[in-house]
Amino acid sequence: MKGKSLGAALCALAMAGCQQPSFSDDDIANLKSEITANASAQGFTVQEVGLIRTDDRELSGFAKLAKDIDGYGIINVTWSCSATMSRDDGQYVWKCAP
């Protein structure tokens, strides 16, 4: 009986170590902050950033932005955003574009 318990424990440990990285709630919050900072640095006022998980390692969403353009007034734009996480190290890349 002891052998089965040890085997089950080793199996559980092995499986836990083999799990692939995925976007956590903290990752998503950080990503929203990065998108906001990037858009703000380009002179936009960020109205909203929304991201949803399309699977464990992919996000899809939008950024609603506004910018005051001399002679035109305030323009509102929505960028389409996406992010993908690496299978190996949990690093991610993102992009937002009109």
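As the structure is a computational prediction, the values presented were derived from the model and not from experiment. (Residues numbered from 1 in each chain as written. Predicted model: local features only at pLDDT ≥ 70, side-chain atom pairs only at ≥ 80, totals over all residues. Heavy atoms only, no water.)

Trainee: Tell me about the nonpolar core, residues and numbers included.
Mentor: As a rule of thumb, soluble globular proteins bury nonpolar side chains together. In terms of nonpolar packing, the biggest core is built from 16 residues, with Ile35, Leu51, Leu59, Ala63 and Trp79 touching the most fellow members. Setting aside residues no more than four positions away along its own chain, isoleucine 35 makes contact with Val49, Leu51, Ala63, Cys81, Trp94 and Cys96. (Core = buried A, V, L, I, M, F, W, Y, C linked by side-chain atoms within 4.5 Å. Buried < 20%, exposed > 50% of the residue type's maximum accessible area, 1.4 Å probe, protein only. Contact = heavy atoms within 4.5 Å.)

Trainee: Lay out the state of the cysteines in plain terms, naming residues and giving numbers.
Mentor: Applying the stated criterion across every chain yields a total of one disulfide. Residue cysteine 81 pairs covalently with cysteine 96 via a disulfide, S to S 2.1 Å. Measuring handedness by torsion sign, the sulfur bridge of cysteine 81 and cysteine 96 sits at about 115° and is right-handed. You can see cysteine 81 sitting in strand E3 (residues 73-85) and its partner cysteine 96 sitting in strand E4 (residues 92-97), a full 15 residues away along the chain. Neither cysteine 81 nor cysteine 96 differs from the other in exposure class; each is buried. (Disulfide = S-S within 2.5 Å. Helix = DSSP H or I, 4+ residues; strand = E, 2+ residues; numbered from the N terminus.)

Trainee: Give a description of the sheet that holds strand E1 (residues 45-55) that names residues and reports values.
Mentor: Taking strand neighbours across the sheet as the criterion, the four strands line up as E1-E2-E3-E4 in an open arrangement whose pairing is antiparallel. Both edges of this open sheet fall to E1 and E4, since each of them pairs with a single strand only. Put simply, the sheet's adjacent strands are angled 20° from each other on average, direction ignored. Of the strand pairs in this sheet, strand E2 (residues 58-69) and E3 are connected by 12 bridges, and their pairing is antiparallel. Residue lysine 64 lies in a different strand from E3, and its bridge partner there is threonine 78. Running at roughly 145° to E1, helix H2 (residues 25-41) makes contact with E1, E2, E3 and E4 of the sheet. (Pairing = 2+ DSSP bridges. Axes fitted to C-alpha atoms, helices over the stretch in contact; angles between N-to-C directions.)

Geometric values such as these leave the question of function open.
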